[in-house]
Amino acid sequence: MDKHYNYTPGTLDNKQIRDGLCAVATLSDNPKTKDSYFVVGGMAVQSYIPSICRRPTSDIDIAVLASLNRARFEDYSTSIKEYLLDRGYEVTHKKFRRAFGIDFRDKESKSNFVSIPRHSENSFKNIEKILNREKKNARRKIIEGTTDTYVVATPEDIIIRKLVR
């Protein structure tokens, strides 16, 4: 992530972060993307710990069971973008070194983003088995204050990712 974008760190207790998770949850409603993602990273950690222990983060990291170039990313993320636009956010796509981002900014210029990894066909083949195992073990969680749900990596898979990076 490039630090000059001025992202606003938040926790699952923050409305903008919850809106971002609800946007990610729309992937479950689309037959093309239904079983192809799960949340990882800081938001996944937050989903398992009490509010008082949550550390703010600016992004919602998701793992995707596909290789994504720019065109595939834009197609894959359409429902996320539409959900955020419908709720009044300004939405832009960003390209980072290892990921694509969906930047969403509110009327007060507070900004967060959804991060989706960029994998070539070859790099995806190297991690496909790991991702499929993690997805198989992932759990469905309710987004606090809503009836929407999202898919999140298990605590043991979150820890492994954090340790190996």
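Reading the values: rules and limits
- Residues numbered from 1 in each chain as written.
- Predicted model: local features only at pLDDT ≥ 70, side-chain atom pairs only at ≥ 80, totals over all residues.
- Heavy atoms only, no water.
- Salt bridge = Lys/Arg side-chain N within 4 Å of Asp/Glu carboxyl O.
- Helix = DSSP H or I, 4+ residues; strand = E, 2+ residues; numbered from the N terminus.
- Buried < 20%, exposed > 50% of the residue type's maximum accessible area, 1.4 Å probe, protein only.
- Core = buried A, V, L, I, M, F, W, Y, C linked by side-chain atoms within 4.5 Å.
- Contact = heavy atoms within 4.5 Å.
- Pairing = 2+ DSSP bridges.
- Phe/Tyr/Trp six-rings, centres within 6.5 Å; stacked < 30°, edge-to-face > 60°.
- Lys NZ or Arg CZ within 6 Å of the ring centre and 35° of its normal.
- Arc of directions from axis to C-beta.

Asker: Explain the pattern of salt bridges here, please?
Answerer: Close approach of charged atoms lets side chains of opposite charge pair. Enumeration according to the criterion identifies eight salt bridges in this entry. A salt bridge links D19 to K15, with the shortest nitrogen-to-oxygen separation between them at 2.7 Å. With D19 and K15 both in helix α1 (residues 15-25) and four residues apart, this pair spans about one turn of that helix. Classification of D19 by relative accessible area gives buried; the value is 9%. Given a relative accessible area of 52%, K15 falls into the exposed group. For E144, the salt bridge goes to R54, with nearest N and O atoms at 2.6 Å. In this pair, E144 is assigned in the loop between β6 (139-142) and β7 (149-152) and R54 in the loop between α2 (41-46) and β2 (59-64), connecting sequence segments 90 residues apart. Look at R54 and you get buried, because its relative accessible area is 10%.

Asker: Got a minute to help me understand the nonpolar core in this structure?
Answerer: If you look at soluble globular proteins, the nonpolar side chains tend to sit buried side by side. V24, V39, I62, L84, V114, I116 and Y150 are the most contacted members of the largest nonpolar core, which has 40 residues in total. A total of six residues in this core trace back to one element, the largest contributor, which is α1. Excluding anything up to four places from it in sequence, V24 contacts Y37, V39, I60, I62, I80 and V114.

Asker: I'm lost on the pairing of strand β1 (residues 37-40) in this one. Help?
Answerer: As a general feature of sheets, a regular strand has side chains that alternate between the two faces. Alternating positions in β1 separate into two faces, Y37 and V39 on one and F38 and V40 on the other, with burial throughout. In the sheet, β1 pairs with β2 via four bridges, with the strands oriented antiparallel. What sits directly across from Y37, in β2, is V64.

Asker: Would you mind going over the environment of I127 with me for this structure?
Answerer: Its place among the elements puts I127 in helix α5 (residues 121-137). Residue I127 is classed as partly exposed on the basis of its relative accessible area of 25%. Considering only alpha carbons, one finds I127 and F96, 31 residues apart in sequence, at a separation of 20 Å.

Asker: I'm lost on the packing of aromatic side chains in this one. Help?
Answerer: Each pair of aromatic rings is reported with the distance of its centres and the angle of its planes. Counted according to the given criterion, the structure contains four aromatic pairs. Ring centres of Y89 and F104 lie 5.5 Å apart, and the angle between their planes is 85 degrees; this geometry places the pair in the edge-to-face category. With Y89 in the loop between α4 (78-86) and β3 (90-95) and F104 in strand β4 (residues 99-105), this residue pair connects regions lying 15 residues apart in the sequence. Of the residues examined, Y89 reaches a relative accessible area of 8% and is grouped as buried. Judged by centre distance (5.3 Å) and plane angle (40 degrees), the rings of F96 and F113 are tilted. Placement of the pair is F96 in the loop between β3 and β4 and F113 in strand β5 (residues 111-117), with a sequence separation of 17 residues. The same class applies to F96 as to F113, namely buried. Above the ring of F100, the side-chain terminus of R118 is found at 5.6 Å from the ring centroid.

Asker: In this structure, what is going on with α4? I would like to understand it.
Answerer: In an α-helix there are 3.6 residues to a turn, and that puts residues three or four apart on one side. Those residues of α4 lying buried are S79, I80, Y83 and L84. Down the axis of α4, the smallest arc covering the buried residues is 130 degrees, so these residues share one side. On its buried side, α4 packs onto α1, β3, β4 and β5.

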